[in-house]
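Observations on chain architecture
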Amino acid sequence: MNIIELLLRELESEAQTTRKFLALVPFDKAEWAPHEKSMKMMPLSTHIAELPSWISLGLTTDELDFATAPYEPIVVNNNEELLAIFEKSYEGAKAELTKAKEEELIKRWVLRNGEQILSDMDKYGIIRIAFSQTTHHRAQLGVYFRLLGIPVPSSYGPTADDQSF
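Since the model is a prediction, treat every value here as computed from it, not as a measurement.

A short note on the pairing of strand β3 (residues 116–122)
In this sheet, β3 lies alongside strand β2 (residues 108–113) in antiparallel orientation, the contact comprising six bridges. Paired with W109 across the strands is M121, a residue of β3. Where β2 folds back onto β3 in an antiparallel hairpin, the turn is made up of two residues, including G114, whose phi is positive at roughly 65 degrees.

Thoughts on helix α3 (residues 53–60)
One turn of the α-helix equals 3.6 residues, which is why residues spaced by three or four share an orientation. Those residues of α3 not exposed but buried are W54, I55, S56, G58 and L59. At its buried positions, α3 is contacted by α1 (3–22), α2 (41–50), β1 (63–65), α4 (79–99), β2 and α5 (123–148).

Structural notes on the UniProt feature "binding site: a divalent metal cation" (unreviewed entry) in the protein chain
Mapped onto this numbering, the UniProt entry annotates "binding site: a divalent metal cation" (unreviewed entry) at H47 and H137. The named residues occupy 91 residues along the chain; their greatest pairwise C-alpha distance, 8.2 Å, places them in one compact cluster. Under the relative-accessibility criterion, H47 is labelled buried at 18%. Not counting residues within four places of it along the chain, the set of residues in contact with H47 comprises M39, Q133 and H137. Looking at the secondary structure, you find H137 in helix α5.

Overview of the environment of R108
In this fold, R108 is placed in strand β2. It is 14 Å that separates the C-alpha atoms of R108 and L118, two residues lying 10 residues apart in sequence. Apart from residues no more than four positions distant in its own chain, R108 is found in contact with D62, D120, M121, D122 and K123.

Topic: the sheet that holds β1
Pairing between the strands of a sheet is mediated by backbone hydrogen bonds and can be parallel or antiparallel. The strand order across the open sheet built from three strands is β1-β2-β3, with neighbouring strands paired in mixed fashion. The two strands at the open ends of the sheet, each matched to only one other strand, are β1 and β3. The mean angle between the axes of side-by-side strands here comes to 10 degrees, regardless of whether they run parallel or antiparallel. As paired elements, β1 and β2 share three bridges and run parallel to each other. Within β2, the residue paired with D65 across the bridge is R112. Lying over the sheet, α3 contacts β1 and β2, oriented at roughly 115 degrees with respect to β2.

Thresholds, definitions, all that
Residues numbered from 1 in each chain as written. Predicted model: local features only at pLDDT ≥ 70, side-chain atom pairs only at ≥ 80, totals over all residues. Heavy atoms only, no water. Pairing = 2+ DSSP bridges. Helix = DSSP H or I, 4+ residues; strand = E, 2+ residues; numbered from the N terminus. Buried < 20%, exposed > 50% of the residue type's maximum accessible area, 1.4 Å probe, protein only. Contact = heavy atoms within 4.5 Å. UniProt positions renumbered as here; feature names shortened; annotations may be inferred. Axes fitted to C-alpha atoms, helices over the stretch in contact; angles between N-to-C directions.

Below is the structure:
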């Protein structure tokens, strides 16, 4: 099995888990955060929904420069819109991964803010970051759910609320 096939399998697996979490985001708590240093519920949720697009970005560009392409937060009003953003992001990532050639994964990819280099890696590295960031932020969302009394879905194993794998 090649690396692209493995990444596609991981993308699908992570998508199944992410859908469960995004479907539960409480829109009446959009501005809620557990701490003043924490992201608010809605920016965290939309960030999770957009993260697969970083796979597409990594495969179709050589860099992202925040100085010339500042982040524009997406506004959504309900779970259906949130899931639609995720599905668009997921489908784009899947399409680009399907077209990718393994030798492209070692090409350089840079994250910058103008002259400041934030990260200098290969295209495989930005794909891994997209997966890791999804896991990281989805876990944060799980903590938000727990604190708000929302049952936490299973991800890599059962939770106190969901015994499925």
